[in-house]
Amino acid sequence: MPLLRLAYSALFLIALTAVYVAWSQVGGQAHLDLLPWFVKLGLGAAMAFAIVRATASAVSGERAWNGQTVKWLGLTLALAVACGLATSYAHMYLEESDEPDQEAQPAISALVDSNGTSRNPREWM
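What comes next is a walk through the structure. Keep in mind that what you see is a predicted model, and the values were worked out from it rather than measured. Along every chain, residues carry numbers that run from 1 in the direction the sequence is written. Note on the predicted model: pLDDT of at least 70 is required for a residue's local features to be given, and 80 or more for side-chain atom pairs to be given and counted; whole-chain, interface and lining totals, by contrast, use all residues. Side-chain calculation: all heavy atoms of the structure are included, whereas hydrogens and water are not.

### A word on the packing of aromatic side chains
Alright, step 1. Whether two aromatic rings pair depends on their centres lying within 6.5 Å, for rings of Phe, Tyr and Trp, where Trp uses its six-membered ring; planes under 30 degrees apart make the pair stacked, over 60 edge-to-face, and the rest tilted. By the definition in use, this model includes four aromatic pairs.
Alright, step 2. Judged by centre distance (5.8 Å) and plane angle (85°), the rings of Trp37 and Phe38 are edge-to-face.
Alright, step 3. A residue is classified by how much of its surface remains accessible, and Trp37, at 62% relative accessible area, is exposed.
Alright, step 4. Arranged with centres 5.9 Å apart and planes meeting at 85°, the rings of Phe49 and Trp72 form a pair that is edge-to-face. Of the two residues, Phe49 sits in helix 3 (residues 37-60) while Trp72 sits in helix 4 (residues 67-94), which places them 23 residues apart along the sequence. Residue burial is assigned from relative accessible area. The probe radius is 1.4 Å, only protein chains are included, and a residue is buried under 20% of its type maximum, exposed over 50%, and partly exposed in between. We count a stretch as a helix when DSSP gives it H or I for four or more residues in a row; a strand needs E for two or more, and each element gets its number in order from the N terminus.

### Points about the nonpolar core
Alright, step 1. Here the nonpolar core consists of buried residues drawn from Ala, Val, Leu, Ile, Met, Phe, Trp, Tyr and Cys, with membership extended through side-chain atoms lying within 4.5 Å. Counting 13 residues, the largest nonpolar core has Trp23, Leu35, Leu43, Leu79 and Ala86 as the members making the most contacts within it.
Alright, step 2. Counting residues per element, the ones that place at least two in this core are helix 1 (2-27), helix 3 and helix 4.
Alright, step 3. Here this core takes five residues from helix 4, the largest share from any one element.
Alright, step 4. For this analysis, residues touch if any pair of their heavy atoms sits within 4.5 Å. With sequence-adjacent residues up to four places away left out, Trp23 is seen in contact with Gly28, Leu32, Leu35, Val39, Lys40, Leu43, Gly44, Cys83, Ala86 and Thr87.

### Quick notes on the packing of helix 3 against helix 4
Alright, step 1. Lines fitted to C-alpha atoms define the axes, with helix axes restricted to the stretch in contact, and inter-axis angles between N-to-C directions lie between 0 and 180 degrees. Helix 4 packs onto helix 3 with a crossing angle of 160° between their chain directions and a minimal axis gap of 8 Å. Relative to helix 4, the element helix 3 lies roughly antiparallel. Crossing geometry of helix 3 relative to helix 4 is assigned as left-handed. Here Val39, Leu43, Ala46, Met47, Phe49, Ala50, Ile51, Arg53, Ala54, Ser57 and Ala58 of helix 3 lie close against helix 4, whose contacting residues are Gln68, Thr69, Trp72, Leu73, Leu75, Thr76, Leu79, Ala80, Ala82, Cys83 and Ala86.
Alright, step 2. A per-class count over the contact of helix 3 with helix 4 returns 17 nonpolar, four polar and one charged. Each angle receives one of four descriptions, namely roughly parallel if under 35 degrees, roughly antiparallel if over 145, roughly perpendicular if within 65 to 115, and oblique otherwise. If you view the pair so one helix is near and one far, a crossing is left-handed when the near helix is turned anticlockwise from the far one by less than a right angle, and right-handed when it is turned clockwise. Residues are grouped as follows: nonpolar covers Ala, Val, Leu, Ile, Met, Phe, Trp, Tyr, Cys and Pro; charged covers Asp, Glu, Lys and Arg; every other residue, Gly included, is treated as polar.

### Notes on helix 3
Alright, step 1. Here helix 3 spans 34 Å end to end across 24 residues, near enough to the 34 Å set by a 1.5 Å rise per residue.
Alright, step 2. Listed in full, the buried residues belonging to helix 3 are Lys40, Leu43, Gly44, Met47, Ala48, Ala50, Val52, Ala54, Ala56 and Ser57.
Alright, step 3. Next to the buried residues of helix 3 lie helix 1, helix 2 (29-34) and helix 4. Multiplying one less than the number of residues by 1.5 Å gives the expected span of a helix.

### Some words on the side chain of Ser57
Alright, step 1. Mapped onto the fold, Ser57 is located in helix 3.
Alright, step 2. Ser57 gets classed as buried once you look at its relative accessible area, which sits at 6%.
Alright, step 3. Dropping the residues within four chain positions of it, Ser57 is found in contact with Asn66, Gln68, Thr69 and Trp72.

### Notes on the packing of helix 1 against helix 3
Packed helices, taken two at a time, are described by the angle between their axes plus the distance between the axes.
Alright, step 1. Packing of helix 1 against helix 3 brings their axes to within 9 Å, and their N-to-C directions diverge by 135°. Taken together, the axis directions place helix 1 and helix 3 in an arrangement best described as oblique. Between helix 1 and helix 3 lies a crossing whose hand is right-handed.

So this is what it looks like as structure tokens:
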């Protein structure tokens, strides 16, 4: 049994790496970088844990595809959808647009002399 625990621990670390690599490849590293750290940590660790539990359920049962394995596989797929939704949220709401803002335009002012006529400021220099 201690050897099986070691194997599950190694599987968790491999699954954790695989989840983050796949998430950055599918969703885009730029979008993944915009997400808060606790979202990435929570979803990634939960998905790796679900992968390990699905494997443990497959090993412990008489048949590999039993009810527990299907349950953990379904949770893994649900977490993958949650990762996709988080990436989509980052794309839609957290990403900076390349379009210049209207408020960022400098204000153009004209000089008005005592007579009330406006003059070009470059003429004064």
